[in-house]
Amino acid sequence: MRLDLGQDVGALTARLVDIESVSGGEKALADAIEEALSPLDHLTVVRDGQNIVARTTLGRAERVVIAGHIDTVPVAANLPSRVDGDLLYGCGTSDMKSGLAVQLKLALLEDPNKDLTFVFYDCEEIEAERSGLLRLTREHPEWLAGDFAVVMEPTDGLIEGGCQGTLRADVVVRGARAHSARSWEGVNAIHGIKPVIDILSVYETRRPVVDGLRYHEGLNAVGIRGGVAGNVIPDECVVTVNYRFAPDLTVEQAFDHVREQFGGFEVRLVDGAPGARPGLTHPVAAAFAEAIGGTPRAKLGWTDVARFSALGMPAVNCGPGNPNLAHTSGEHVSLTMIAETERRMLDWLGSPR
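Residues numbered from 1 in each chain as written. Predicted model: local features only at pLDDT ≥ 70, side-chain atom pairs only at ≥ 80, totals over all residues. Heavy atoms only, no water.

Moving on, we get to the environment of Ile197. Relative to the helices and strands, Ile197 is located in helix α5 (residues 194-202). For Ile197, a relative accessible area of 31% gives the class partly exposed. For the pair Ile197 and Asp31, spaced 166 residues apart in sequence, the C-alpha separation works out to 49 Å. (Helix = DSSP H or I, 4+ residues; strand = E, 2+ residues; numbered from the N terminus. Buried < 20%, exposed > 50% of the residue type's maximum accessible area, 1.4 Å probe, protein only.)

Here it is as structure tokens:
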């Protein structure tokens, strides 16, 4: 399963798509990426599991990290890839093998105006603890060191700054058990969730501006569980809520906000991940924004820019592909957009095509 980095970026994307790499099954693609990059004398290539990191050591004043995940969601009868006019269809075309193709083409640059680190990592689409990038931040943070990072998530080729934080919390409603034949002797916890739902129904979301970009928060129920048996009045019902919060809050502050909304109820934090501020005022980030063009917008979701932010590095999302098509059976990407993203990135890196 070899990759030809001499292909145009659209054909390279199709080749990447046709190497199936559902989360947990990325080895074939990781092998192909390592095999393609290892012969390039200007790169030092290292590997940890299915994570591949390639770095230049040219002594430039700045180092930029360009990162992308190599896994996809499960295939939905959308392999192999196919082309229809300007559109390339297939699993992962938008999220994010078109971004990977741009990374690989940029890796051919022998004389960029910045030192470059290319990070290809596994298991982004599944539970966070299996994330290859998380493992690298814990075990090999020196591999990821840099002044600025670009995560090539699909953004329609525009800059999406920072990302929202996210947390899940359980709101617990208590009752008292009883036999359902004598329900009046108990208190039905499932019936008691109405106040929780009412709070969510009238909740007014924040839309704060952070570093010049407007975020739009959300607090929503994403699960309800309760019930003991078909003849028992339940004594507990749990409503799980998800809070997507702007990066001006820490996870702790966000959880305090959720607890305030449900005063009188027990609220338990299930999990949470901090957001990342846009960081577009950093000189390297500002130069990138000028080269890419367009109007930067806030990332309404959580991405791995937060992991780079936790390392003290400003980071943005920017890649070809429509994020609204990610994970769909009809996922596709514009070949023109892939080529345009490659061109803009090459212009930014100051090297002729």
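One finds Leu3, Leu37 and Phe288 to be the most contacted residues of the largest nonpolar core, which totals 55 residues. Every residue in contact with Leu37, bar those within four places of it in the chain, is listed here: Leu5, Leu43, Val45, Ile52, Ala54, Leu104, Ala107 and Phe120. Val196, Leu219, Val241 and Phe245 belong to the second-largest nonpolar core, a separate cluster that totals 22 residues. (Core = buried A, V, L, I, M, F, W, Y, C linked by side-chain atoms within 4.5 Å. Contact = heavy atoms within 4.5 Å.)

Moving on to the sheet that holds strand β5 (residues 87-89). Taken in spatial order, the 3 strands line up as β4-β5-β19 in an open sheet, and their pairing is antiparallel. Two strands bound the open sheet, and with one partner strand each, they are β4 (82-84) and β19 (332-334). Pairs of neighbouring strands in the sheet enclose a mean axial angle of 25°, with direction left out of account. Relative to β19, β5 is paired through 3 bridges, and the arrangement is antiparallel. The residue of β19 that forms the bridge with Leu88 is Val333. Contacting β5 and β19, helix α3 (residues 93-106) crosses the sheet at an angle of about 45° to β19. Against the sheet, helix α9 (residues 335-348) makes contact with β4, β5 and β19, and its axis sits at roughly 60° relative to β19, the strand it touches most. (Pairing = 2+ DSSP bridges. Axes fitted to C-alpha atoms, helices over the stretch in contact; angles between N-to-C directions.)

Next up on the list: the layout of surface pockets. Estimated volume of the largest pocket: approximately 1,000 Å³. As for the largest pocket, its lining consists of 39 residues, of which Glu124, Arg244, Gly301, Trp302 and Thr303 are closest to the centre. Every element with two or more residues in the lining of the largest pocket is listed here: α4 (132-139), β9 (165-174), β15 (236-245), β16 (266-273), β17 (297-298) and α8 (305-310). Classifying every residue of the lining of the largest pocket by side-chain character gives 14 nonpolar, 9 polar and 16 charged. (1 Å grid on protein atoms, 1.4 Å probe; cavity = no way out; pocket = protein on both sides within 12 Å on 5 of 7 lines; lining within 4 Å. Points joined across faces, edges and corners; volume = space filled by probe spheres on them. Nonpolar A, V, L, I, M, F, W, Y, C, P; charged D, E, K, R; others polar.)

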